[in-house]
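Chain residues, written in single-letter form:
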Amino acid sequence: MTVLVFLDPDYDDGRIADASQPQLMATDLGATRGDGIFETLLAVDGRPRKVQAHLDRLASSGVLLGLELPAADSWQRAIDTALREAGPADEQVVKLVVTRGVEGAGAPTAWVQVSPVSESVRAKRGRGLAVLLLERGYDSTVAQRAPWLLMGAKTLSYAVNMAAIRHAHEQGADDVIFTSSDGKVLEGPTSTVLIARVRDGGKELITPQLESGILPGTSQGALFAAAREAGWKLGYGPLVPADLFESDGVWLISSVRLLAPVLSLDGEPVSVSPALTAELSELVASVS
Ligand SMILES: Cc1ncc(COP(=O)(O)O)c(C=O)c1O
């Protein structure tokens, strides 16, 4: 079911490894310190989507962590090997992972993992979300002042993001939107926030400011490009929670779950537009 391909200088197309057997050293800094980065992308009919955007973001994360990564063409070949090994499927999750490597070895550990899209993700697709606004504890300018916080990097240290989602579930909600200590809307623990404003027939799609310490979403980037072509105006925050309540629709978007409409924030309903959701979902589907 799950295929692993390690990027190994001795294997041009990557080294296939048995996913049912241990493959990492217990002293790997990815395991002991969460010191590493990753990307998660969707493959449809065996073709990975937005590969370049994901490789570009992996490279930016690598720069922020001072990690030397394998070259883009090695990733491409390892992804091809893993998808070939996994065999045909309508949808698969492709994960790219790089850690700082085994303690003292000085070389990163890098691999590609291909697995099926879980039933729970498939079931959640398109379903409306009850969302909690939760504070992240940083202000929206910290990323520029404190690069060691790695705010715009997709690091392996996702324990906080997962804890926020568990907290939401414990309160009966589905997902989370983080806010900054200066009251700005940031992002979901695994997704980008989008809102739509429809005024005098013109449609605007807005996402929080990228400089506010959030991860630049590859899905948001691709959707913005497609929406511009389709005549939408585009905007980049800053957004505050009142903007979400006053909008004509709020969504969370990410590479595997895709576009999910937000139904309520902290139990208060927000505007929901099935027509806008359908229009934006069609634009998302058109992007590869
Ligand atoms: C914190 C965070 N923001 C945004 C996103 C959405 O990114 P993408 O659209 O590239 O999947 C993710 C994806 O996992 C994420 O973890």
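The paragraphs below set out a description of the structure included in this document. (Residues numbered from 1 in each chain as written. Predicted model: local features only at pLDDT ≥ 70, side-chain atom pairs only at ≥ 80, totals over all residues. Heavy atoms only, no water.)

1. Some thoughts on the nonpolar core
So, step 1. With 23 residues, the main nonpolar core has W75, I79, V94, L96, V98, V112 and V114 as its most contacted residues.
So, step 2. Setting aside residues up to four positions removed in sequence, V112 forms contacts with V3, L4, V5, L7, W75, A78, I79, A82, V94, K95 and L96. (Core = buried A, V, L, I, M, F, W, Y, C linked by side-chain atoms within 4.5 Å. Buried < 20%, exposed > 50% of the residue type's maximum accessible area, 1.4 Å probe, protein only. Contact = heavy atoms within 4.5 Å.)

2. Quick notes on the pattern of salt bridges
So, step 1. Using the criterion set out here, one finds 15 salt bridges in the structure.
So, step 2. Residue R57 is joined to E39 by a salt bridge in which the shortest nitrogen-to-oxygen separation is 2.8 Å. Of this pair, R57 sits in helix α2 (residues 51–65) while E39 is found in strand β3 (residues 36–44), placing the two residues 18 residues apart along the sequence. A single burial state applies to R57 and to E39, both of which are buried.
So, step 3. Here D175 ties to R257 by a salt bridge, and the two come within 2.9 Å at their closest N and O atoms. In this pair, D175 is assigned in strand β8 (residues 175–179) and R257 in the loop between β12 (249–254) and β13 (258–265), connecting sequence segments 82 residues apart.
So, step 4. Residues participating in the shared-partner salt-bridge network are D90, E91, R122 and R125. (Salt bridge = Lys/Arg side-chain N within 4 Å of Asp/Glu carboxyl O. Helix = DSSP H or I, 4+ residues; strand = E, 2+ residues; numbered from the N terminus.)

3. Here we look at the pairing of strand β2 (residues 11–17)
So, step 1. In this structure, strand β1 (residues 3–8) lies alongside β2, joined through four bridges in antiparallel fashion. Counted as the bridge partner of V5 is I16 from β2.
So, step 2. Linking β1 to β2, which pair antiparallel, is a turn of two residues. (Pairing = 2+ DSSP bridges.)

4. Points about empty space enclosed by the protein
So, step 1. What the rule picks out here adds up to one cavity of 30 Å³ or more.
So, step 2. Empty space within the largest cavity amounts to approximately 60 Å³.
So, step 3. Around the largest cavity, the lining residues are R49, K50, S219, A222, L223, I253, L258, V284 and V287.
So, step 4. The leading source of residues in the lining of the largest cavity is helix α7 (residues 218–229), at three residues. (1 Å grid on protein atoms, 1.4 Å probe; cavity = no way out; pocket = protein on both sides within 12 Å on 5 of 7 lines; lining within 4 Å. Points joined across faces, edges and corners; volume = space filled by probe spheres on them.)

5. Here we look at the environment of V5
So, step 1. Looking at the secondary structure, you find V5 in strand β1.
So, step 2. When the C-alpha atoms of V5 and V142 are compared, they prove to be 37 Å apart, with 137 residues separating the residues in sequence.
So, step 3. When residues no more than four places from it in sequence are discounted, the contact partners of V5 are D13, G14, R15, I16, A78, T81, A82, W111 and V112.

6. A closer look at the site of the ligand
So, step 1. The environment of the ligand is formed by 17 residues, the closest being K154, Y158, T218, S219 and S255.
So, step 2. One of the side-chain N or O atoms of Y158 is found 2.5 Å from an oxygen atom in the ligand.
So, step 3. Isolated, the ligand exposes 390 Å² of accessible area, and the fraction of that covered by the protein chains is 95%.
So, step 4. Elements supplying a minimum of two residues to the shell around the ligand: α2, α7 and β12.
So, step 5. Among the residues forming the shell around the ligand, the class breakdown is four nonpolar, ten polar and three charged. (Near = heavy atom within 4 Å. Polar contact = N/O pair within 3.5 Å; in protein donor to acceptor, adjacent residues only side chain to side chain. Areas by Shrake-Rupley, 256 points an atom, 1.4 Å probe, with all protein chains shown as cover. Nonpolar A, V, L, I, M, F, W, Y, C, P; charged D, E, K, R; others polar.)

7. Looking at the environment of L96
So, step 1. Tracing the backbone shows L96 in strand β5 (residues 91–99).
So, step 2. The sequence separation of L96 and Q23 amounts to 73 residues, and the corresponding C-alpha distance is 15 Å.
So, step 3. Beyond its immediate chain neighbours, meaning those up to four positions away, L96 contacts I37, F38, E39, L41, L55, L58, W75, I79, W111 and V112.

8. With respect to unusual backbone geometry
So, step 1. Cis geometry is adopted by the peptide bond preceding P238, which originates at G237 and carries an omega value of 0 degrees.
So, step 2. The phi dihedral of K50 is positive, around 55 degrees, even though this residue is not glycine.
So, step 3. By the secondary structure assignment, K50 is in the loop between β4 (47–48) and α2.

9. Thoughts on the packing of aromatic side chains
So, step 1. Scanning the entire structure with this criterion turns up three aromatic pairs.
So, step 2. Ring centres of F224 and Y236 lie 5.3 Å apart, and the angle between their planes is 55 degrees; this geometry places the pair in the tilted category. In this pair, F224 sits in helix α7 while Y236 sits in strand β11 (residues 233–236), placing the two residues twelve residues apart along the sequence.
So, step 3. For F224, a relative accessible area of 3% puts it in the buried group.
So, step 4. Judged by its relative accessible area of 40%, Y236 is partly exposed. (Phe/Tyr/Trp six-rings, centres within 6.5 Å; stacked < 30°, edge-to-face > 60°.)

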